[in-house]
Amino acid sequence: MARSLVVFLLMTFAAQTAQVPSPGPAGDSVPTVSFNRDVLPILQRNCQVCHRPGEAAPMSFLTYADARPWAKAIKQAVLTRKMPPWFADPHYGDFRNAPKLTEADVKTLAAWADNGAVEGDAGEKPAPLDWPNGWRTKPDVIVSIPEPYNVPAKGAGEIKAFLVDNPFKEDTWVNSIEIRPGEPSVVHHVMLQVPEPGPSFSWGGVAGSACIPASGAEAFLESPITLGKPTPNGQTQPPKPPKNFAILESVYVPGSPVTDFQYSDSGKLIKGGGQLRIEVHYTPNGKAVADQTKIGFVVAKTTPQRRFIMLAPKSIANTRIRIPAGESNWETRGELQFGQDAQLVWFMPHMHLRGKDMTFDLIYPNGRTETVLSAKFNFNWQLGYELEEPISVKKGTRMVIIAHHDNSANNPYNPDPEKDVAWGNLTSEEMVLPWFGVVVDKNADPERILAIRQNGCSLGKAIQSGLPAISSPLPFPVPARRNGK
């Protein structure tokens with residue numbers, strides 16, 4: 001009996017074993033992630049625009065030899081979403097220039113680092129991209145800062161403004177503007193402007209600076225007030241309030257694409273004559289270099305019907321109140337109002353070392369509220385956000401800006417969390433600058449596109465008397481952030 005039981009058990013075990021498939025050949029296993037087949041295409045699509053010689057990133061990812069020492073760092077950067085740099089909340093807005101790094105891409109890069117960062121078969125390597133060694137466009141006109149500017153190896157960052165002769169003697173429409181630093185590794189940003197008459201524009205604002213009060217914003221946008229110009233009855237109109245926004249022609253930040261205005265079926269109008277102002281923010285990186293930034297223009301062959309205007313409102317913060325030392329979430333709210341129909345196409349939040357985040361809300365004339373951008377802020381990567389589809393805004397639409405600063409020790413960029421911070425132009429000071437781009441009719445007056453609505457303004461009696469009375473003496477309520485439908 002015992003012998004029969006043993007035979008039965010052996011036969012059962014043999015039958016079960018026969019049903020278990022044996023391991024297949026090694027070729028059936030999941031292939032190891034390799035640089036040439038799997039990783040290099042991802043780097044080409046997402047990283048090499050900055051990670052190559054002569055660009056802003058400190059290391060190159062063009063070849064296996066370049067990238068291999070950084071395998072673990074690449075894994076960490078993509079898992080934490082530090083790279084590629086992109087700070088927009090995905091719940092609000094669709095942006096045509098958003099990075100295309102997918103979850104599958106992230107897993108591939110992590111697996112490569114975890115499994116020895118192997119190179120793989122050279123035959124599986126894609127052809128190298130033909131990155132431009134010079135201009136990305138084919139500019140018709142090129143200007144340059146007058147001579148190379150020497151940037152020291154060490155020291156605080158500095159902003160330098162260079163004036164160059166305007167190459168356009170007459171008003172000229174251009175399709176694109178390409179800003180190309182000579183030494184991108186030390187150039188934090190570049191701004192191009194056509195200087196305007198009068199005092200130079202102060203980005204940070206000063207205590208007591210004039211603004212348009214909420215009770216007069218609509219009146220200012222409607223009124224034909226001009227400085228000292230006689231009216232039909234012979235009386236001189238009072239002067240209009242000082243300009244509280246500037247117009248930029250183009251902006252460069254590391255990794256930014258060429259400013260091409262054709263994607264919005266528009267063009268950029270460069271006023272002829274005079275000079276151009278090129279503002280460059282330099283940040284020493286440990287090596288003394290010389291930079292000579294150049295700017296290339298592609299002239300439009302035909303006159304566009306719409307005009308792309310890049311607006312830069314003055315700091316909307318109350319410049320009389322400093323950010324307290326140790327404050328980790330200092331909130332600033334400001335409001336702009338559109339005086340003309342327009343289409344929003346581009347945003348660029350700008351703050352300084354303590355900048356934390358910025359949100360753009362629209363309040364339409366019918367009361368509907370929409371968040372069109374909510375983005376964290378990183379001083380080292382000040383990104384522009386190009387909308388996938390323009391947003392139409394009607395005259396009377398208000399844009400509410402909500403920004404936060406971190407002046408605490410938790411902010412690794414904070415140079416001194418024990419000091420209150422003033423508002424101003426210096427990097428050690430702070431700003432709230434909601435730069436954005438609109439497309440309007442080619443004949444629109446940029447001066448009438450928007451006004452800054454602020455309460456508690458101190459305007460002269462002469463200016464106030466020129467503004468028709470508005471029934472409400474206070475700003476409209478600023479809503480909590482939400483997406484109204």
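Above this text you will find the structure in question.
For the structure given in this document, a descriptive report is provided here.

The rules behind the values
Residues numbered from 1 in each chain as written. Predicted model: local features only at pLDDT ≥ 70, side-chain atom pairs only at ≥ 80, totals over all residues. Heavy atoms only, no water. Buried < 20%, exposed > 50% of the residue type's maximum accessible area, 1.4 Å probe, protein only. Helix = DSSP H or I, 4+ residues; strand = E, 2+ residues; numbered from the N terminus. Pairing = 2+ DSSP bridges. Axes fitted to C-alpha atoms, helices over the stretch in contact; angles between N-to-C directions. Phe/Tyr/Trp six-rings, centres within 6.5 Å; stacked < 30°, edge-to-face > 60°. Lys NZ or Arg CZ within 6 Å of the ring centre and 35° of its normal. Core = buried A, V, L, I, M, F, W, Y, C linked by side-chain atoms within 4.5 Å. Contact = heavy atoms within 4.5 Å. Polar contact = N/O pair within 3.5 Å; in protein donor to acceptor, adjacent residues only side chain to side chain.

Observations concerning the pairing of strand E5 (residues 187–193)
- With seven of its seven residues buried, E5 lies for the most part within the structure.
- Sheet topology note: the E5/strand E11 (residues 275–282) ladder contains six bridges and is antiparallel. Counted as the bridge partner of Val190 is Val280 from E11.
- Pairing geometry for E5 and strand E8 (residues 250–252), over three bridges, is antiparallel. Looking at the pairing, Leu192 lines up with Ser250 of E8.

Here we look at the pairing of strand E14 (residues 306–313)
- Counting buried positions over the eight residues of E14 gives seven, a clear majority of the element.
- In this sheet, E14 lies alongside strand E7 (residues 245–248) in antiparallel orientation, the contact comprising four bridges. Note on E14: the bridge partner recorded for Ile247 is Leu311.

Structural notes on the sheet that holds strand E3 (residues 158–165)
- Pairing in this open sheet of four strands is antiparallel, and the strands run E3-E11-E5-E8 from one edge to the other. With partners counted over all chains shown, the strands left at the sheet margins are E3 and E8, one partner each. Between one strand axis and the next, the sheet turns through 15 degrees on average, direction left out of account.

Regarding the packing of aromatic side chains
- If you walk through the whole model with that rule in mind, you get eleven aromatic pairs.
- Between Phe35 and Trp112 the ring centres are 5.7 Å apart and the planes differ by 40 degrees, which places this aromatic pair in the tilted class. One end of the pair, Phe35, is in helix H2 (residues 35–46); the other, Trp112, is in helix H5 (residues 103–114), with 77 residues separating them in the sequence. In this structure, Phe35 and Trp112 share a single accessibility class: buried.
- If you follow Arg96 out to its NZ or CZ, it ends over the ring of Tyr263, 4.1 Å from the centre.

Examining the nonpolar core
- Core analysis: the biggest nonpolar cluster contains 47 residues, and Leu311, Phe338, Leu344, Phe347, Met399, Phe436 and Val438 have the highest contact counts within it.
- Here the element with the most residues in this core is strand E19 (residues 385–393); it accounts for four residues.
- Counting residues in each nonpolar core, the second largest holds 39 residues, with Val143, Phe162, Met191 and Val253 among its members.

Section: H2
- Counting buried positions over the twelve residues of H2 gives nine, a clear majority of the element.
- Taken as a whole, H2 has its buried residues at Phe35, Asn36, Val39, Leu40, Pro41, Ile42, Leu43, Gln44 and Asn46.
- The inward-facing, buried residues of H2 abut helix H3 (64–67) and H5.
- The opening residue of H2, the one whose side-chain oxygen lies 3.3 Å from the backbone nitrogen of Arg37, is Ser34.

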